[in-house]
Amino acid sequence: MSRVDQSKFEALADRIYEAAVVPELWPELLETIGALSGAFGGVLFASNPQFSGWTASPRIAPMFAEFVEKGWAARNPRPARGLAFGAGGFVGDHELFSPEEMDADPTYGYLRGQGMGWCAGKIAAPPSGDMLVFSWERRFVDGPFDRATLDALNAIGGHLARAALIAARLGLERARMAAETMRALGLPAAVLSRSHRLLLPNDLFTRFAPSLVQDRRERVVIADPRADALFERALARLRVIGAPACVQSLPIPAREGSRPLILHLAPIRGAAQDVFAAGELLLVVTEVTLGAAPSASLLQGLFDLTPAEARVARAIAAGRPASEIAREHGVSGETIRTQLRSVFAKTGVSRQVDLVRLLAGVTLP
């Protein structure tokens, strides 16, 4: 690679530090560096004791998401071998593995099956406890990265590591600010990490842990089994790539000595697959009290009901039969029953009597 080519890498310094404070710029930056180095795409993985995540250039992001989802990232031998190798800069596969090792390794087999198989990687482990892994992936038919390309990447390696560390720390601070904003509004709230563990609860939230919200190794668990089942389904929906970001509401029935509660689960990430959104989700607690019959708009907001579903739920809570509701709105009984089944799913109940108990008289304090 010529000196002119290396100067194009060095000219990216300003864009790299811009991405440090505007994380949405990382995917395009990784793509640009990939184009200069003959790669199909680039990936940045970051972790510290509080969170972990990744971002990638647009072309390779779906492929890497599948790589993670199918468990190949956890089995990938490259990071451990790279740490043991102790290189300060970018290295290629042949510096870490023999051809025989690559041929025999299942992860390399999977990557080659996807048309990939060559990487230029760098691991940065600053004293802060963070770990940053950069990897540009090349198609197998294009052959491995040569030393000139690795040297050109090394020209910006320090910039990349510093910018990624700044962005990770700023992301954690943004997550903390989200929880504290809820505190200023008088709402108990906690930021959940990407592994769906408690990351940053505000002081109002702490009284609900562990009696209601329990932070376990696999994920946060809701003490009420029905609400936890809804919570697990909500998390599964949020894991779907490209799924719309929306608030999920989880009703918690009143217990002895406590009011009914609604847990609102809201995504707080910016750009899709933004590694630096340290907290993926915001969990907000709304306490409810018994009073007048709930308005349709209140039920719509608390449980993410459609306007029609909210009207049906309010009427049911007031004790009106489904046939009367159908006549009033000029629809069939089957339409009302379909809407009622959707209300059941969203409120976590399975019987009409349970819905009445949950909704009758619910108002915000």
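Residues numbered from 1 in each chain as written. Predicted model: local features only at pLDDT ≥ 70, side-chain atom pairs only at ≥ 80, totals over all residues. Heavy atoms only, no water.

## Side note on the overall build of the protein chain
(1) Moving on: Counting its secondary structure elements, the protein chain contains 16 helices and 14 strands.
(2) Moving on: Burial status across the protein chain gives 47% buried among its 365 residues.
(3) Moving on: Put simply, of all contacts in the protein chain between residues at least 6 apart along the chain, 60% involve residues at least 24 apart.
(4) Moving on: Summed over all atoms, the accessible surface of the protein chain reaches about 16,800 Å², with 57% contributed by carbon and sulfur. (Helix = DSSP H or I, 4+ residues; strand = E, 2+ residues; numbered from the N terminus. Buried < 20%, exposed > 50% of the residue type's maximum accessible area, 1.4 Å probe, protein only. Contact = heavy atoms within 4.5 Å. Areas by Shrake-Rupley, 256 points an atom, 1.4 Å probe, with all protein chains shown as cover.)

## Comments concerning helix 15 (residues 333-347)
Since there are 3.6 residues in each turn of an α-helix, residues three or four apart along the chain are aligned in direction.
(1) Moving on: Its 15 residues give helix 15 an end-to-end C-alpha distance of 21 Å, which sits within 8% of 21 Å, the value for a rise of 1.5 Å per residue.
(2) Moving on: Along helix 15, the residues that are buried comprise Ile 336, Gln 339, Leu 340, Val 343, Phe 344 and Thr 347. An end-on view of helix 15 places all buried positions within 150° of arc, on one side of the element.
(3) Moving on: Following helix 15 by one or two positions, Gly 348 has its phi on the positive side, about 80°. (Expected span 1.5 Å × (residues − 1). Arc of directions from axis to C-beta.)

## Quick notes on a nonpolar patch on the surface
(1) Moving on: On the surface, Tyr 17, Val 21, Val 22, Leu 25, Ile 166 and Leu 170 cluster together into a nonpolar patch covering about 430 Å² of accessible area.
(2) Moving on: Counting only elements with at least two residues in the nonpolar patch, the list comes to helix 2 (13-21) and helix 10 (147-184). (Patch = residues over 30% accessible without salt bridge, like charges linked within 9 Å, V, L, I, M, F, W, Y side chains within 5 Å. Salt bridge = Lys/Arg side-chain N within 4 Å of Asp/Glu carboxyl O.)

## Things to note about the nonpolar core
(1) Moving on: Counting residues in each nonpolar core, the largest one holds 28 residues, and the members touching the most others are Trp 26, Ile 33, Phe 134, Trp 136 and Leu 160.
(2) Moving on: With nine residues, helix 10 is the single largest residue contributor to this core.
(3) Moving on: In this structure, Ala 190, Phe 205, Leu 261 and Leu 283 belong to the second largest nonpolar core, which totals 22 residues. (Core = buried A, V, L, I, M, F, W, Y, C linked by side-chain atoms within 4.5 Å.)

## Quick notes on the packing of helix 2 against helix 10
For any two helices packed against each other, the geometry comes down to the angle between their axes and how far apart the axes lie.
(1) Moving on: Contact pair helix 2 / helix 10: the axes reach a minimum separation of 7 Å and the direction vectors enclose 15°. The pairing of helix 2 with helix 10 is recorded here as roughly parallel in orientation. Two packed elements cross with a definite hand, and for helix 2 against helix 10 that hand is right-handed. Contacts between helix 2 and helix 10 involve Ala 13, Ile 16, Tyr 17, Ala 19, Ala 20 and Val 21 on the former and, on the latter, Ile 156, His 159, Leu 160, Arg 162, Ala 163, Ile 166, Ala 167 and Leu 170. (Axes fitted to C-alpha atoms, helices over the stretch in contact; angles between N-to-C directions. Parallel < 35°, antiparallel > 145°, perpendicular 65-115°, else oblique. Left-handed = near helix turned anticlockwise from the far one by under 90°.)

## Some words on the pairing of strand 4 (residues 118-124)
(1) Moving on: In terms of residue burial, strand 4 counts as a mostly covered element, since seven of its seven residues are buried.
(2) Moving on: Note: strand 3 (residues 91-92) against strand 4, two bridges, orientation antiparallel. Across the sheet, residue Gly 92 finds its bridge partner in strand 4, namely Ala 120.
(3) Moving on: Alignment of strand 4 against strand 5 (residues 131-138), held across seven bridges, turns out to be antiparallel. Bridging across to strand 5, Ala 120 finds its partner in Trp 136. (Pairing = 2+ DSSP bridges.)

## Some details on helix 11 (residues 225-238)
(1) Moving on: Taking 1.5 Å per residue, 14 residues should reach 20 Å; helix 11 reaches 20 Å between its end C-alpha atoms and fits that length.
(2) Moving on: What helix 11 keeps buried is the set Ala 227, Asp 228, Leu 230, Phe 231, Ala 234, Leu 235 and Leu 238. For helix 11, the angular spread of buried residues about the axis comes to 160°, placing them on one side.

## Observations concerning the pattern of salt bridges
(1) Moving on: Counted under the stated rule, the structure contains 16 salt bridges.
(2) Moving on: In this structure, the salt-bridge partner of Asp 228 is Arg 219, at a minimum N-O distance of 3.0 Å.
(3) Moving on: Judged by relative accessible area, which is 12%, Asp 228 ranks as buried.
(4) Moving on: Each of the salt bridges in this network shares a partner with another, and the network as a whole consists of Arg 78, Asp 93 and Glu 137.

## Considerations on the packing of aromatic side chains
(1) Moving on: Under the definition given, this model contains 10 aromatic pairs.
(2) Moving on: With centroids separated by 6.2 Å and ring planes inclined at 5°, the aromatic side chains of Phe 134 and Trp 136 adopt a geometry described as stacked. For the pair Phe 134 and Trp 136, a shared accessibility class is recorded, and that class is buried.
(3) Moving on: Among the aromatic residues, those joined into a ring-pair cluster are Trp 54, Phe 64, Phe 67, Trp 72 and Tyr 110.
(4) Moving on: Over the face of the ring belonging to Trp 72 we find Arg 75, whose NZ or CZ atom lies 4.1 Å from the ring centre.
(5) Moving on: Arg 138 extends its terminal NZ or CZ atom over the ring of Phe 145, reaching a point 4.0 Å from the ring centre. (Phe/Tyr/Trp six-rings, centres within 6.5 Å; stacked < 30°, edge-to-face > 60°. Lys NZ or Arg CZ within 6 Å of the ring centre and 35° of its normal.)

## So, the side chain of Glu 31
(1) Moving on: Along the polypeptide, Glu 31 turns up in helix 3 (residues 26-37).
(2) Moving on: When near neighbours in sequence (up to four residues on either side) are disregarded, Glu 31 contacts Phe 40, Ser 57, Pro 58 and Arg 59.

## A closer look at the environment of Pro 253
(1) Moving on: Here Pro 253 is to be found in the loop between strand 10 (248-252) and strand 11 (261-267).
(2) Moving on: Judged by its relative accessible area of 40%, Pro 253 falls in the partly exposed class.
(3) Moving on: Considering only alpha carbons, one finds Pro 253 and Arg 226, 27 residues apart in sequence, at a separation of 9.7 Å.

## Remarks on the pairing of strand 6 (residues 189-193)
(1) Moving on: Burial runs high along strand 6: five of the five residues are buried.
(2) Moving on: Residues of strand 6 alternate between two faces, with Ala 189, Val 191 and Ser 193 on one and Ala 190 and Leu 192 on the opposite face, all of them buried.
(3) Moving on: Pairing geometry for strand 6 and strand 7 (residues 198-201), over three bridges, is antiparallel. Paired with Val 191 across the two strands is Leu 200, which belongs to strand 7.
(4) Moving on: If you look at the hairpin formed by strand 6 and strand 7, you'll find four residues sitting between the two strands, and His 196 has a positive phi there, around 65°.

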